[in-house]
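Here are the chains, one letter per residue:
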Amino acid sequence: MSAHPSPKRRAFGAKTITLAHGGGGSAMRDLIDDVFLAPFSGERRDAPEDQARFDLAALSAKGDRLAFTTDSFVVDPLFFPGGDIGKLAICGTVNDLAVGGAVPVALSCAVIIEEGLDVEVLRRVVGSMAETARAAGVSISTGDTKVVARGACDKLFITTTGIGVVRSGLDVGITRARPGDVVLVNGLLGDHGAAILNARGDLALDTEIESDCAPLNGLIETLIAAAPGIRMMRDATRGGIAAVVNELAEASAVGVRLSELSLPMRPEVQGFCEILGLDPLYLANEGKILAVVPPEEAQAALAALRAHPLGREAAIIGTVSDGRPGRVTMETRFGGERIVDMLVGDQLPRIC
Amino acid sequence: MRFVDEFRDPALAKTLVKEIEAISARLERGRDKPFAIMEVCGGHTHAIFRYGLEGLLPDLVEFVHGPGCPVCVLPMGRVDDCVAIAEREEVIFATFGDAMRVPGSKKSLLQAKAEGADVRMVYSPLDALTLAKRNPDRQVVFFGLGFETTMPSTALTVLRAAREKVENFSLFCNHITIIPTLRALLSQEDFGIDGFIGPGHVSMVIGTTPYRFIAEEFKKPLVVAGFEPIDLLQSLLMVLRQIEAGQARIENQYARVVPVEGNPAALKAVNEVYEPRATFEWRGLGSIAGSGVRLREAYGAFDAERRFAVPDMKVADPAQCRCGEVLTGAAKPWACPEFGKGCNPETPLGALMVSSEGACAAYYQYGGLRGEAA
Amino acid sequence: MCLGIPGRIVAVADADAMLCVVDVSGVRRTVDVVCVAPPGEPLEALVGAWVLVHVGFAMSIIDEEEAAATLKVLTEIGEAEAEMEALRTGSIEPVPAPAR
């Protein structure tokens, strides 16, 4: 479907989603029109085509390469402090485009719904997607809805795919880090991972840690303007900051040395990690990028990040070295040194 | 964090490292091999790697990572029993997170969960009891493992279940005790350890007197240590000072948490609920007399081993593994032919790769920078 | 083995059930206090105390004096070392204790 409601739009009155809503008939048409298209497209009315169409000349005016990415979201619980699966689905794909130096243009949204889902829940999620997309300045241009039998998925899965246009002349990439470069992050680490683990409730911990889930394209725009020689950016999602730094060290065939003392972290996240024996370097973030800039642009990059509302706690956390390629080390608080490797599986609370 | 940050102070660490360097320079004369100091506890092993302490020390001192990781030393047969219980239709199997990856002879709890077993990760045995109250039509089994530190928590949970008559709760008891194991290690003929960093949190329960035989019979120094890097460095210094003075005493660096007499209320609960087993098998070390406990007859109603039939099969460790030698300090992890190859944290073969507190996993994860150079 | 961390008891959750609320850097958890409850006193006496928490149980009341004593020993090592350093380098100025 394209993201525009049919002219005969009708209100959707059902309370729960059933298999009939995925059957291709008028029940499905009503669901799509009222629950999805109305929030996504506002008052715009286009012909209900099966695909979104873009004017190439308008895209070309924004840059010289097309960026294209996709991501699926299966977070449990659907709603958590600081966000929900809808906000996450928009931020994740917007950020994946933006870290490539692209201006995000449009997203698709495909949802798989488990029958029995409360329609109100769906409306809240879709409303959150629409709001986040507006805040990020992207449109949701096409999508798909499927309903599956109970147990075939967990409540709601969302896949978003995005296109963006890479700014002309800008070349950021994971292979571009060079010895001497400076590694920055735009703020406090580990909030999302801690918030999700906590929101599941199994651990019976009580804390106000919220997910940092946010669209970062605005922040990245100011960063690029301040540090035009920027080498690479990545959002530090699953696997945390440790995963991104390791990928970067390997791809650029460089060493990276982090400084434990300069890692920005909320005391609550530290406390959370101490209780459960977790390493915050491996906790997921959804509103944090790791950026590598040449040394002469480091201070300008830091200042630009800190001037942005989503970068107030930005910090320089390490440097790229000519050490053993692919090796990430961290200077511990007293000048000790440890290796920071990728995580093998999921990080499980270490209790005994 | 109070009582944490003070003991992570870099300036204090530098002071301690200098002092350790000075003492080892004095001890160096006439010494052709390093002093091997065993930290018994897996929590200490973890801290040593997390803070990069090994790299700070002079060559004359080396940490040997001891057997004190209850997840690592759990034999495969017991994991098989866990899986058998967890796979029962009526059971919710509640466990600490790090026990989920321990491999049995066929699968781990994580794999059993993927195949449909209802396995829940909890932070505390109390949470398992809560699960039992919320699911009265299910059998909730808690996977009790750990040393003396953890025993009071499961004992008190069993007592609570008895008091509150939560009949659908039971405990699969795999608790082990460190003292018989230390004795077994020390009794080995070629045991080349010069001193011990003693387990701080075990000691907060049992106190410091049970270690006396180590000094009196085996003439080795032991310093009960806290878990922050300053605690470990200070304790190491205390051990080295004893070595320099030709002494062997039990000292307590962690007096802020560890009273000499331990915790009487905790010990009372443990003695009320548990009795020693004749013997218990340790992965990598074999059977050690008196090193395990089980629920007393009076609490047999809460004993998962009595409630459910378990296979109770002995499964031998893979023959090529050298876990036993690593555990006793006779070999370094990287000396094992399987280290990092057949045996890695994703598919651990041996005990010490299983938990992040195991010596091999710690080396794999945080890197033995020294080992690499060697 | 045996991860344990310091937290502060901030409230009594359920006196009959011997449960209190512990705060660790802004993260709160209800813990069993049977092992640290002062005999014959109401649980309120524990509020404000720092305890060592292991798997949901307060296992030891942290002795603040002992903690201070441990740190004092460490500071003294630092001072003694600074004096030795002064002797070696021939400095005659009094040497201040290292910054903490």
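These figures come from a predicted structure and were not determined experimentally.

1. Section: the overall build of chain C
Stage number 1. When helices and strands are counted, chain C shows one helix and five strands.
Stage number 2. Each helix (α) and strand (β) of chain C, taken in turn from the N terminus, gives the series β-β-β-β-β-α.
Stage number 3. A buried classification covers 39% of the 100 residues belonging to chain C.
Stage number 4. Here the contacts in chain C between residues at least 6 apart in sequence split such that 39% fall between residues at least 24 apart.

2. A closer look at the overall build of chain A
Stage number 1. Of regular secondary structure, chain A possesses nine helices and 14 strands.
Stage number 2. Against the globule reference of 20 Å for 352 residues, chain A gives a C-alpha radius of gyration of 21 Å, in line with a compact fold.
Stage number 3. In chain A, the share of contacts with a sequence separation of at least 24, taken over all contacts with a separation of at least 6, comes to 86%.

3. Structural notes on the nonpolar core
Stage number 1. Residues A:Leu184 and A:Val245 are the most contacted members of the largest nonpolar core, which totals 263 residues.
Stage number 2. The element that contributes the greatest number of residues to this core is helix 10 (residues 229-244) of chain B, accounting for nine residues.
Stage number 3. Beyond its immediate chain neighbours, meaning those up to four positions away, A:Leu184 contacts A:Ala291, A:Val293, A:Ala301, A:Leu302, A:Leu305, A:Ala314, A:Ala315, A:Ile316 and A:Ile317.

4. Structural notes on the interface of chain A and chain B
Stage number 1. At the junction of the two partners, chain A supplies 23 residues and chain B supplies 36 residues.
Stage number 2. Counting residues per element, the ones that place at least two in the side of chain A that touches chain B are helix 8 (267-276) and strand 14 (337-339) of chain A.
Stage number 3. Considering every element that reaches the side of chain A that touches chain B, the biggest residue donor is helix 8 of chain A, with four residues.
Stage number 4. Across the side of chain A that touches chain B, the residue classes break down as ten nonpolar, six polar and seven charged.

5. Focus: the sheet that holds strand 7 (residues 195-199) of chain B
Residue and element names in this part refer to chain B.
Stage number 1. In space, the five strands of this open sheet follow the order 2-1-7-8-9, with parallel pairing throughout. Two strands close off the open sheet at either side, each with one partner strand: strand 2 (61-68) and strand 9 (250-252). Strand-to-strand twist in this sheet, taken as the mean axis angle between neighbours without regard to direction, amounts to 25°.
Stage number 2. Relative to strand 2, strand 1 (residues 35-41) is paired through six bridges, and the arrangement is parallel. If you follow Ile37 over to strand 2, its bridge partner there is Phe63.

6. So, the interface of chain B and chain C
Put simply, an interface is often sized by how much accessible area is lost when its parts join up.
Stage number 1. Listed as interface residues are 44 residues of chain B and, on the opposing side, 30 residues of chain C.
Stage number 2. Of all the secondary structure elements, the ones that give two or more residues to the side of chain B that touches chain C are helix 1 (10-27), helix 2 (42-50), helix 5 (125-134), helix 6 (151-163), helix 8 (200-206), helix 10 and helix 11 (264-273) of chain B.
Stage number 3. Per-element accounting of the side of chain B that touches chain C gives the leading share, six residues, to helix 1 of chain B.
Stage number 4. Taken together, the residues of the side of chain B that touches chain C sort by class into 24 nonpolar, 13 polar and seven charged.

7. Side note on the packing of helix 1 (residues 26-41) of chain A against helix 4 (residues 119-136) of chain A
Residue and element names in this part refer to chain A.
Stage number 1. Running from N to C, helix 1 and helix 4 cross one another at 20°; their axes reach a closest spacing of 9 Å. If you check the angle between helix 1 and helix 4, you find them roughly parallel. For the pair helix 1 and helix 4, the sense of crossing is right-handed. Of the residues in helix 4, those touching helix 1 at Val35, Phe36, Pro39 and Phe40 are Val119, Leu122, Arg123, Val126, Gly127 and Ala130.
Stage number 2. Of the residues that constitute the contact of helix 1 with helix 4, the class distribution is eight nonpolar, one polar and one charged.

8. Regarding helix 4 of chain A
Stage number 1. For helix 4 of chain A, spanning 18 residues, the distance from its first C-alpha to its last is 26 Å, which sits close to the expected 26 Å at 1.5 Å a residue.
Stage number 2. Of the residues flanking the end of helix 4 of chain A, it is A:Gly137, one or two places downstream, whose phi is positive at about 75°.

9. Side note on the domain arrangement of chain A
Residue and element names in this part refer to chain A.
Stage number 1. We note that the domain assignment places domain 1 (19-166) and domain 2 (182-339) within chain A.
Stage number 2. Just the C-alpha atoms count here: the centres of domain 1 and domain 2 sit 27 Å apart.
Stage number 3. The interface is formed by 22 residues belonging to domain 1 together with 21 residues belonging to domain 2.
Stage number 4. Breaking the side of domain 1 that touches domain 2 down by element, the ones donating at least two residues are helix 3 (85-98) and helix 4.
Stage number 5. In terms of residues, the side of domain 1 that touches domain 2 owes the most to one element, helix 3, which gives nine residues.

10. Considerations on the environment of A:Ile275
Stage number 1. With respect to the helices and strands, the residue A:Ile275 is situated in helix 8.
Stage number 2. On the basis of neighbour counts, which here come to 26 C-beta atoms within 10 Å, the residue A:Ile275 falls in the buried class.
Stage number 3. Here A:Ile275 is in contact with A:Leu205, C:Ile5, C:Val24, C:Val27 and C:Arg29, once residues within four sequence places are set aside.

11. Overview of unusual backbone geometry
Stage number 1. With an omega of 0°, the peptide bond between A:Asp76 and A:Pro77 qualifies as cis.
Stage number 2. On the secondary structure map, A:Pro77 appears in the loop between strand 1 (65-73) and strand 2 (79-80).
Stage number 3. A positive phi angle is found at C:Val55, which is not glycine, with a value near 40°.
Stage number 4. The topology assignment puts C:Val55 in the loop between strand 4 (50-54) and strand 5 (57-61).
Stage number 5. C:Val55 gets classed as buried once you count the C-beta atoms within 10 Å, which come to 27.

12. Quick look at the pairing of strand 13 (residues 328-331) of chain A
Stage number 1. One ladder, built from four bridges, connects strand 10 (residues 255-259) of chain A with strand 13 of chain A; its direction is parallel. In the strand pairing of strand 13 of chain A, A:Ser259 is matched with A:Glu331.

13. Some thoughts on helix 1 of chain A
Residue and element names in this part refer to chain A.
Stage number 1. Remark: the principal bend of helix 1, roughly 30°, maps to Asp33.
Stage number 2. Within helix 1, the full set of buried residues consists of Leu31, Ile32, Asp33, Val35, Phe36, Leu37 and Phe40.
Stage number 3. Against helix 4 and strand 5 (139-148) lie the buried residues of helix 1.

14. A look at the packing of helix 6 of chain B against helix 11 of chain B
All names here are of chain B.
Stage number 1. Following both chains from N to C, one finds helix 6 and helix 11 inclined at 65°, their axes separated by 8 Å at the closest point. Handedness of the crossing formed by helix 6 with helix 11: left-handed. On helix 11, the residues touching Met151, Pro152, Ala155, Leu156, Val158 and Leu159 of helix 6 are Ala266, Ala269, Val270, Glu272 and Val273.
Stage number 2. Split by residue class, the contact of helix 6 with helix 11 holds ten nonpolar, no polar and one charged.

So, how was this worked out
Residue positions are given per chain, counting from 1 as you read along its sequence in written order. Whichever chain is written first becomes A and whichever ligand is written first becomes 1, with later ones labelled in order. Selection of residues for local features in this predicted model requires a pLDDT of at least 70, selection of side-chain atom pairs for listing and counting requires 80 or more, and totals for whole chains, interfaces and linings are taken over all residues. Secondary structure elements are defined from DSSP: runs of H or I of at least 4 residues count as helices, runs of E of at least 2 residues count as strands, and each element is numbered from the N terminus. Residue burial is a threshold on neighbouring C-beta atoms within 10 Å of the residue's own C-beta, all placed from the backbone, with 20 or more meaning buried, 12 or fewer meaning exposed, and counts in between meaning partly exposed. By the convention adopted here, residues are in contact when the distance between their C-beta atoms, placed from the backbone, does not exceed 7 Å. Atoms counted for the radius of gyration: C-alpha only. Globule rule: 2.2 Å times the number of residues to the power 0.38. Under the definition applied here, buried Ala, Val, Leu, Ile, Met, Phe, Trp, Tyr and Cys residues are grouped into a nonpolar core through C-beta atoms within 7 Å. Under the grouping applied here, Gly and all other residues not named as nonpolar or charged are polar, the nonpolar ones being Ala, Val, Leu, Ile, Met, Phe, Trp, Tyr, Cys and Pro and the charged ones Asp, Glu, Lys and Arg. Here, a strand pair is defined by DSSP locating no fewer than two bridges between the strands. Axes here mean lines fitted to C-alpha atoms, for a helix over just the part in contact, with angles spanning 0 to 180 degrees between N-to-C directions. Roughly parallel covers angles under 35 degrees, roughly antiparallel covers those over 145, roughly perpendicular covers 65 to 115, and oblique covers all other angles. Crossing handedness: left-handed means the near helix sits turned counterclockwise from the far one by under a right angle, and right-handed means the same turn made clockwise. Take the number of residues in a helix, subtract one, and multiply by 1.5 Å to get its expected span. Domain limits in this description derive from either an automatic procedure or a database domain assignment. Here the bend at a residue is taken as the angle between two axes, fitted respectively to the seven residues that end there and the seven that start there.

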